Amino acid sequence: MSKNGFASTKRSFFAAVCLAISLTSLVIGQASSVLASEAVTDSAQVGEAVEADITMPTRLESGEFSIGGITIGTDKDEILEILGEPNQIEEGLRSNQYQYDGLEILVEISDKPNVFVFGVETTTPDFCTPSGVCPGDTVRSVMEKLGITNLYTDERGTHLTYWPHWQTRGCWMKIYLDEPAQNSDVTIQNIELLCVIT
(Lines give C-alpha, C1' and ligand atoms only; values in the text may rest on other atoms or scores of the structure.)
Protein backbone atom coordinates (compact mmCIF):
# COMPACT_ATOMS: atom_id res chain seq x y z
CA MET A 1 0.00 0.00 0.00
CA SER A 2 1.46 3.34 -0.99
CA LYS A 3 1.91 6.25 1.39
CA ASN A 4 -0.62 8.20 -0.62
CA GLY A 5 -3.29 5.58 0.06
CA PHE A 6 -2.95 5.88 3.82
CA ALA A 7 -2.62 9.67 3.73
CA SER A 8 -5.57 10.35 1.43
CA THR A 9 -7.80 8.00 3.36
CA LYS A 10 -6.99 9.78 6.61
CA ARG A 11 -7.37 13.30 5.20
CA SER A 12 -10.95 12.55 4.27
CA PHE A 13 -11.53 10.49 7.40
CA PHE A 14 -12.83 13.24 9.66
CA ALA A 15 -15.25 14.58 7.11
CA ALA A 16 -16.77 11.12 6.91
CA VAL A 17 -16.67 10.01 10.56
CA CYS A 18 -20.44 9.90 10.98
CA LEU A 19 -20.90 8.05 7.71
CA ALA A 20 -18.11 5.61 8.54
CA ILE A 21 -19.58 4.75 11.92
CA SER A 22 -22.97 4.18 10.36
CA LEU A 23 -21.50 2.01 7.63
CA THR A 24 -19.59 -0.05 10.19
CA SER A 25 -22.81 -1.56 11.45
CA LEU A 26 -23.96 -2.27 7.90
CA VAL A 27 -20.68 -3.88 6.91
CA ILE A 28 -20.61 -6.02 10.03
CA GLY A 29 -24.15 -7.15 9.44
CA GLN A 30 -23.29 -8.20 5.90
CA ALA A 31 -19.84 -9.62 6.61
CA SER A 32 -18.78 -12.66 4.64
CA SER A 33 -17.61 -15.89 6.23
CA VAL A 34 -13.97 -15.97 7.26
CA LEU A 35 -12.61 -18.15 4.47
CA ALA A 36 -14.03 -20.59 1.96
CA SER A 37 -14.03 -24.15 3.30
CA GLU A 38 -11.25 -25.23 0.95
CA ALA A 39 -9.13 -22.37 2.26
CA VAL A 40 -8.97 -23.61 5.84
CA THR A 41 -8.50 -27.36 5.55
CA ASP A 42 -4.79 -27.04 6.32
CA SER A 43 -5.34 -25.43 9.74
CA ALA A 44 -7.68 -26.85 12.37
CA GLN A 45 -7.97 -23.58 14.28
CA VAL A 46 -8.76 -21.53 11.19
CA GLY A 47 -11.20 -24.21 10.12
CA GLU A 48 -13.21 -23.68 13.29
CA ALA A 49 -14.19 -20.24 12.01
CA VAL A 50 -16.62 -21.75 9.52
CA GLU A 51 -18.49 -23.51 12.29
CA ALA A 52 -18.28 -20.50 14.63
CA ASP A 53 -20.31 -18.26 12.24
CA ILE A 54 -18.54 -15.13 13.52
CA THR A 55 -20.53 -11.99 12.80
CA MET A 56 -18.47 -9.45 14.80
CA PRO A 57 -14.72 -8.78 14.71
CA THR A 58 -12.71 -10.54 17.40
CA ARG A 59 -11.68 -8.33 20.32
CA LEU A 60 -8.05 -8.03 21.42
CA GLU A 61 -6.44 -6.89 24.64
CA SER A 62 -5.47 -3.21 24.54
CA GLY A 63 -1.76 -4.07 24.65
CA GLU A 64 -2.04 -5.63 21.21
CA PHE A 65 -2.98 -2.26 19.67
CA SER A 66 0.63 -1.34 19.10
CA ILE A 67 3.03 -1.43 16.16
CA GLY A 68 6.77 -1.14 16.60
CA GLY A 69 6.31 0.08 20.17
CA ILE A 70 3.91 2.87 19.13
CA THR A 71 0.43 2.50 20.59
CA ILE A 72 -2.83 4.32 20.18
CA GLY A 73 -2.45 7.12 22.74
CA THR A 74 1.34 7.36 22.61
CA ASP A 75 2.45 10.95 23.27
CA LYS A 76 4.08 12.78 20.36
CA ASP A 77 7.34 13.17 22.26
CA GLU A 78 7.51 9.43 22.90
CA ILE A 79 7.54 8.78 19.16
CA LEU A 80 10.82 10.63 18.88
CA GLU A 81 12.24 8.82 21.90
CA ILE A 82 11.35 5.41 20.47
CA LEU A 83 11.98 5.93 16.75
CA GLY A 84 14.02 9.11 16.43
CA GLU A 85 13.29 11.87 13.94
CA PRO A 86 10.95 10.89 11.09
CA ASN A 87 12.03 11.02 7.47
CA GLN A 88 9.21 13.48 6.86
CA ILE A 89 6.27 15.11 8.63
CA GLU A 90 3.27 15.72 6.41
CA GLU A 91 1.05 18.40 7.91
CA GLY A 92 -2.73 18.25 7.65
CA LEU A 93 -5.71 20.17 8.95
CA ARG A 94 -6.45 17.96 11.95
CA SER A 95 -3.46 15.64 12.05
CA ASN A 96 0.21 15.36 11.16
CA GLN A 97 1.64 12.24 9.57
CA TYR A 98 5.08 11.12 10.78
CA GLN A 99 6.70 9.06 8.03
CA TYR A 100 9.41 6.47 8.62
CA ASP A 101 10.61 3.70 6.32
CA GLY A 102 7.68 1.31 6.23
CA LEU A 103 5.83 3.05 9.07
CA GLU A 104 3.38 5.97 9.14
CA ILE A 105 2.00 7.51 12.33
CA LEU A 106 -0.95 9.89 12.64
CA VAL A 107 -0.72 12.45 15.43
CA GLU A 108 -3.62 14.73 16.34
CA ILE A 109 -3.29 18.51 16.12
CA SER A 110 -4.63 20.09 19.29
CA ASP A 111 -4.28 23.02 21.68
CA LYS A 112 -4.07 20.54 24.55
CA PRO A 113 -0.73 20.23 26.39
CA ASN A 114 -0.22 16.70 25.10
CA VAL A 115 -1.10 15.40 21.65
CA PHE A 116 -1.41 11.72 20.93
CA VAL A 117 -1.13 9.06 18.26
CA PHE A 118 -4.46 7.91 16.87
CA GLY A 119 -3.27 5.97 13.82
CA VAL A 120 -0.34 3.72 12.90
CA GLU A 121 0.33 1.73 9.73
CA THR A 122 3.18 -0.62 8.85
CA THR A 123 4.12 -2.13 5.51
CA THR A 124 7.34 -3.83 6.60
CA PRO A 125 8.23 -6.77 8.88
CA ASP A 126 10.56 -4.38 10.70
CA PHE A 127 7.48 -3.09 12.58
CA CYS A 128 5.11 -5.68 14.08
CA THR A 129 2.45 -6.08 16.76
CA PRO A 130 3.41 -7.26 20.28
CA SER A 131 2.34 -10.82 19.44
CA GLY A 132 4.60 -10.81 16.38
CA VAL A 133 2.08 -10.25 13.58
CA CYS A 134 3.97 -8.61 10.71
CA PRO A 135 3.50 -7.75 7.04
CA GLY A 136 4.52 -10.83 5.10
CA ASP A 137 2.87 -13.26 7.54
CA THR A 138 0.15 -15.58 6.31
CA VAL A 139 -3.54 -15.37 7.19
CA ARG A 140 -3.15 -18.69 9.00
CA SER A 141 -0.33 -17.31 11.13
CA VAL A 142 -2.31 -14.18 12.02
CA MET A 143 -5.34 -16.17 13.16
CA GLU A 144 -3.21 -18.54 15.18
CA LYS A 145 -1.72 -15.54 17.05
CA LEU A 146 -4.73 -13.21 17.31
CA GLY A 147 -7.71 -15.52 17.00
CA ILE A 148 -10.35 -16.21 14.38
CA THR A 149 -12.07 -13.21 12.83
CA ASN A 150 -13.91 -12.32 9.64
CA LEU A 151 -12.68 -11.07 6.31
CA TYR A 152 -14.08 -7.73 5.11
CA THR A 153 -13.60 -5.62 2.01
CA ASP A 154 -13.38 -1.84 1.75
CA GLU A 155 -11.98 0.64 -0.79
CA ARG A 156 -8.44 -0.40 0.10
CA GLY A 157 -8.93 -4.13 -0.28
CA THR A 158 -9.63 -7.33 1.66
CA HIS A 159 -8.70 -7.32 5.33
CA LEU A 160 -9.07 -9.05 8.67
CA THR A 161 -10.57 -6.76 11.31
CA TYR A 162 -10.05 -6.82 15.09
CA TRP A 163 -11.50 -4.53 17.76
CA PRO A 164 -10.02 -3.57 21.13
CA HIS A 165 -11.76 -5.30 24.03
CA TRP A 166 -12.86 -2.03 25.65
CA GLN A 167 -15.23 -0.93 22.87
CA THR A 168 -16.89 -2.09 19.67
CA ARG A 169 -16.66 0.98 17.47
CA GLY A 170 -14.30 3.88 16.99
CA CYS A 171 -11.01 1.92 17.05
CA TRP A 172 -9.87 -1.01 14.97
CA MET A 173 -6.99 -3.03 13.62
CA LYS A 174 -7.22 -3.84 9.92
CA ILE A 175 -4.81 -6.35 8.44
CA TYR A 176 -4.83 -6.04 4.66
CA LEU A 177 -4.01 -8.99 2.42
CA ASP A 178 -1.81 -9.04 -0.68
CA GLU A 179 -4.67 -10.53 -2.69
CA PRO A 180 -8.20 -11.86 -2.16
CA ALA A 181 -8.01 -14.86 0.16
CA GLN A 182 -8.07 -18.06 -1.85
CA ASN A 183 -6.37 -20.01 0.94
CA SER A 184 -4.89 -19.42 4.37
CA ASP A 185 -1.38 -18.99 2.94
CA VAL A 186 -2.21 -15.58 1.45
CA THR A 187 0.17 -13.04 2.99
CA ILE A 188 -0.35 -9.71 4.74
CA GLN A 189 0.42 -6.50 2.90
CA ASN A 190 0.02 -3.99 5.75
CA ILE A 191 -1.40 -3.52 9.24
CA GLU A 192 -3.40 -0.44 10.21
CA LEU A 193 -4.44 0.77 13.66
CA LEU A 194 -6.88 3.67 13.81
CA CYS A 195 -9.13 5.41 16.32
CA VAL A 196 -11.69 8.15 15.81
CA ILE A 197 -10.68 11.33 17.62
CA THR A 198 -13.11 14.05 18.65
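Look up a bit, the structure's there.
Quick notes on the rules
Residues numbered from 1 in each chain as written. Predicted model: local features only at pLDDT ≥ 70, side-chain atom pairs only at ≥ 80, totals over all residues. Heavy atoms only, no water. Buried < 20%, exposed > 50% of the residue type's maximum accessible area, 1.4 Å probe, protein only. Helix = DSSP H or I, 4+ residues; strand = E, 2+ residues; numbered from the N terminus. Pairing = 2+ DSSP bridges. Core = buried A, V, L, I, M, F, W, Y, C linked by side-chain atoms within 4.5 Å. Contact = heavy atoms within 4.5 Å. Salt bridge = Lys/Arg side-chain N within 4 Å of Asp/Glu carboxyl O.

Description of the pairing of strand 10 (residues 171–177)
Of all seven residues making up strand 10, seven are buried, and the element is well covered by its neighbours. Because side chains alternate across strand 10, one face comprises the buried residues Cys171, Met173, Ile175 and Leu177, and the other comprises Trp172, Lys174 and Tyr176, equally buried. Sheet analysis places strand 9 (residues 157–164) next to strand 10, joined by four bridges and oriented antiparallel. Bridging across to strand 10, Tyr162 finds its partner in Met173.

Some thoughts on the environment of Arg140
Within the secondary structure layout, Arg140 lies in helix 5 (residues 139–146). For Arg140 and Thr187, which are 47 residues apart along the polypeptide, the C-alpha to C-alpha distance reads 8.9 Å.

Examining the nonpolar core
Judged by nonpolar contacts, the single largest core of 30 residues is most densely connected at Ile105, Tyr162, Met173 and Ile175. Counting only elements with at least two residues in this core, the list comes to strand 5 (95–100), strand 6 (103–108), strand 7 (117–122), helix 5, strand 9, strand 10 and strand 11 (188–195). If you tally residues by element for this core, the top one is helix 5, at four residues. For Met173, the residues in contact, after removing those within four places along its chain, are Leu60, Glu64, Phe65, Thr129, Leu146, Leu160, Thr161, Tyr162, Ile191, Glu192 and Leu193. One finds Leu106, Phe118, Trp163 and Trp172 within the second-largest nonpolar core, a separate group that totals five residues.

Overview of the environment of Pro164
Along the chain, Pro164 turns up in strand 9. C-alpha of Pro164 to C-alpha of Phe65: the two residues are 99 residues apart in sequence and 7.3 Å apart in space. Those residues in contact with Pro164 that sit more than four places away from it in its chain are Arg59, Leu60, Phe65, Cys171 and Trp172.

Some words on the pattern of salt bridges
For the structure on display, the rule yields five salt bridges. Salt-bridge contacts for Glu121 lead to Arg156; the nearest nitrogen and oxygen are separated by 2.8 Å. With Glu121 in strand 7 and Arg156 in the loop between strand 8 (151–154) and strand 9, this pair connects stretches of sequence that are 35 residues apart. Here Lys174 ties to Asp154 by a salt bridge, and the two come within 3.1 Å at their closest N and O atoms. In this pair, Lys174 is assigned in strand 10 and Asp154 in strand 8, connecting sequence segments 20 residues apart. Looking at Asp154, the relative accessible area reads 18%, which means it is buried. Through salt bridges that share partners, Glu121, Arg156 and Glu192 make up one connected network.

In short, the description is geometric, and any link to function would need to be established separately.
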